[in-house]
Amino acid sequence: MLCAKARESHVYILGDSLAERVNKTEKVFNTSVLIDPSGRILAKYRKIHLFDVEIGQQLALKESEFLSMVTRSSSLRRSTAQ
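Owing to the predicted nature of the structure, the values given are computational and were not obtained by experimental measurement.

## Comments concerning the pattern of salt bridges
All told, the structure shown has six salt bridges when counted by the stated rule. Note that Lys-47 and Glu-63 form a salt bridge whose closest N and O atoms lie 2.8 Å from each other. Separated by 16 residues along the polypeptide, Lys-47 in the loop between β3 (41-46) and β4 (52-55) and Glu-63 in the loop between β5 (59-62) and β6 (67-68) bring together distant segments of the chain. Through salt bridges that share partners, Glu-20, Lys-44 and Arg-46 make up one connected network.

Okay, here's the thing in C-alpha cells:
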C-alpha cells in the first residue's frame, strides 16, 4: 500500500512504526521502511531497544510482551543523485 502511494505520488515515504510479522512468530517487529518514488523499499529498520517500564505497583508498560527486538542495526547510504 505505501509502495503504491509512493509510486502514484512520485515521492519518498517513510513508513514508521509498522507491525511486521516474520516467520509466523507470535510477536511482531516495530518496523520503519523508507520507500523511494518508484515504490521500491530502500531501507528497513526494526526497533532494537524495547520500552519496558514499571511505575509503582499499578502501571507497567512492556513492549517486550508483544514485540520482538533485533540484535543488529541497519544503515543507508545517502545517494548523491538529485
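Structure shown, so let's carry the discussion forward.
## Focus on the pairing of β5
One ladder, built from four bridges, connects β4 with β5; its direction is antiparallel. Across the sheet, the residue bridging to Val-53 is Leu-61, located in β5. What sits between β4 and β5 in their antiparallel hairpin is a turn of three residues, with Gly-56 showing a positive phi close to 65°.

Quick notes on the rules
- Here the residue numbering is sequential within each chain, running from 1 through the sequence in written order.
- Note on the predicted model: pLDDT of at least 70 is required for a residue's local features to be given, and 80 or more for side-chain atom pairs to be given and counted; whole-chain, interface and lining totals, by contrast, use all residues.
- To get the side-chain values, all heavy atoms of the structure are used, and hydrogens and water are removed first.
- Salt bridge, as applied in this entry: a Lys or Arg side-chain nitrogen positioned within 4 Å of an Asp or Glu carboxyl oxygen.
- Going along the chain from the N terminus, every DSSP run of H or I of four or more residues is numbered as a helix, and every run of E of two or more is numbered as a strand.
- Should DSSP find at least two bridges between two strands, the strands are regarded as paired.

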